[in-house]
Amino acid sequence: MDQENFRYEELARFIAALVDRGTLVPGTRAPSLRSISRDRKVSMATALQAYRLLEDRGVLQARPQSGFYVASRPPARKPPTTSRPPARATAVSVPAVVVKLLEHASDPNLVPLGCAIPDTNLLDAGRLDRLLARTARERGGVYNIYTGPQGDLRLRREIARRATRWGQALSPDDLVITVGCTEALVLALRAVTRPGDTVAIESPTYFGLLHALKALDLKALELPTDASEGIDLDPLQAALSQNRIAACLFASSFNNPLGCTMPDTKKLAVLDLLARHHVPLIEDDIYGDIYFGDERPRPFMALDRHGVTMYCSSFSKTVAPGYRIGWIAAGRHLPRVLDAKAALTLCGSVLPQAAFGEFLASGGYDSHLRRVRRVFAANIERMTRAIDRSFPAGTRVSCPAGGFVLWLELPQPVNTGVLFQAALDHGICFAPGEVFSASGRYANCLRISCGHSWDPWIERGVTRLGALAAEALMSNR
Ligand SMILES: Cc1ncc(COP(=O)(O)O)c(C=O)c1O
């Protein structure tokens, strides 16, 4: 009997490892009972027992008359609770740990769970680099010039052409090329706010955005945000009625760090509400192309009947953060954005824009995106399983349908700012929760990046981090 127990558990471990390593992909069929019993030299009864065990653990799913499939989601931890930030505007503080985090981002000795930067191997920007070299060689002189502040026409045309696929009717004239999404967001904020104004944001939100608000002397009104469907409408409505909100700034999809995406109906309701209150919406769609489902979520701008949206994005998360190519479609605020762009930088670097235009026009970006999406989806699955195995009971984990970050809410009392230092001492970097709030919240939360190719180093890193979190919890109790 013991021998039998041992055999089915061993087989279950073998199959689970194939899933963890991505050999068996979620949604695909697991090896049939017949083939696995033949290949692993176990009885059909033992194979069935192993598969039932994996079904109980959420690794496999039995489908009637069809056999066993790899489950599309790892065993569900509860999702993070909806945030409850103060319902008033606050001055933005950027914790000192943000600078540390950015410094550690490029340290190759640390397990890279900190900054949301994709692995360079995965970005596979070789073709782009070669196009840059060729463009420099053949037409370097032509591009060693100033352009108008809108940037390279061909690149704008390619970006506008892509956007029509998800319903954004843009012309190249609507677009301004920017230095990454960061400059697009700053230009949008400058166009519609004045120092001292209040901007409504998701909470938690991307720390770079908080940095921009602080630098522009803007206040933040953090809104309760659900880990799956984004901001709650009632608090937004209350905030708009009770405060003078100069702008809202929301992610179009896969918010960083929660991974939430509003369904279209909710996006439409937000747009109607903002139009009624004459408040512009700045949307950040930097993760939009990294969706795991069948369709790209539509940005607000594609649904906007009122013309309240300013759209910002870049190629930083999908192919080339170092090229610093982003863009903004500012709608009726275009003249102000152009003015600010010309005053701040005159125009962007011309040669990388020309190479990027060529890169998009010559095809291959879509197949690259398909590969990147598959890898990120598999990384999220594996990371979620590793977290499930190693983090303390009661840890809540987000379940994003795109992007490549996970948000964890640990049981109290844990301070992830303290855990951050302990993890660095063990050669592991992650992003502590406090950096994602304007008002010092989320000390028991953390963000893990899944942008690195999965390997034993990453797996050991997250397992160790889970053990450190468990130790911290025990010692604080
Ligand atoms: C949500 C979000 N917006 C904007 C940025 C900055 O983008 P870029 O590197 O294109 O300036 C990031 C980078 O991490 C991000 O996560």
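Residues numbered from 1 in each chain as written. Predicted model: local features only at pLDDT ≥ 70, side-chain atom pairs only at ≥ 80, totals over all residues. Heavy atoms only, no water.

## So, the domain arrangement of the protein chain
The domains assigned to the protein chain are domain 1 (2-70), domain 2 (125-361) and domain 3 (369-476). With centres defined by C-alpha atoms, the gap from domain 2 to domain 3 works out at 27 Å. With 22 residues of domain 2 at the contact, the number on the domain 3 side is 23 residues. Together, the buried faces of domain 2 and domain 3 total about 2,000 Å²; carbon and sulfur atoms form 65% of this surface. Inspection of the region where domain 2 meets domain 3 yields 10 residue pairs in polar contact (both at pLDDT 80 or more). Elements with a minimum of two residues in the side of domain 2 that touches domain 3: helix H9 (207-215) and strand S7 (219-226). Its residues placed into classes, the side of domain 2 that touches domain 3 shows 12 nonpolar, six polar and four charged. (Domains from an automatic or database assignment. Contact = heavy atoms within 4.5 Å. Buried area = accessible area lost by both parts, 1.4 Å probe. Polar contact = N/O pair within 3.5 Å; in protein donor to acceptor, adjacent residues only side chain to side chain. Helix = DSSP H or I, 4+ residues; strand = E, 2+ residues; numbered from the N terminus. Nonpolar A, V, L, I, M, F, W, Y, C, P; charged D, E, K, R; others polar.)

## Things to note about the site of the ligand
Near the ligand the following residues occur: Gly-180, Cys-181, Thr-182, Tyr-206, Asn-256, Asp-284, Ile-286, Tyr-287, Ser-314, Ser-316, Lys-317 and Arg-324. In the model, an oxygen atom of the ligand is placed 2.5 Å from a nitrogen or oxygen of the Thr-182 side chain. Burial of the ligand by the protein amounts to 90% of the accessible area it has alone, namely 400 Å². Taken together, the residues that form the shell around the ligand break down as four nonpolar, five polar and three charged. (Near = heavy atom within 4 Å. Areas by Shrake-Rupley, 256 points an atom, 1.4 Å probe, with all protein chains shown as cover.)

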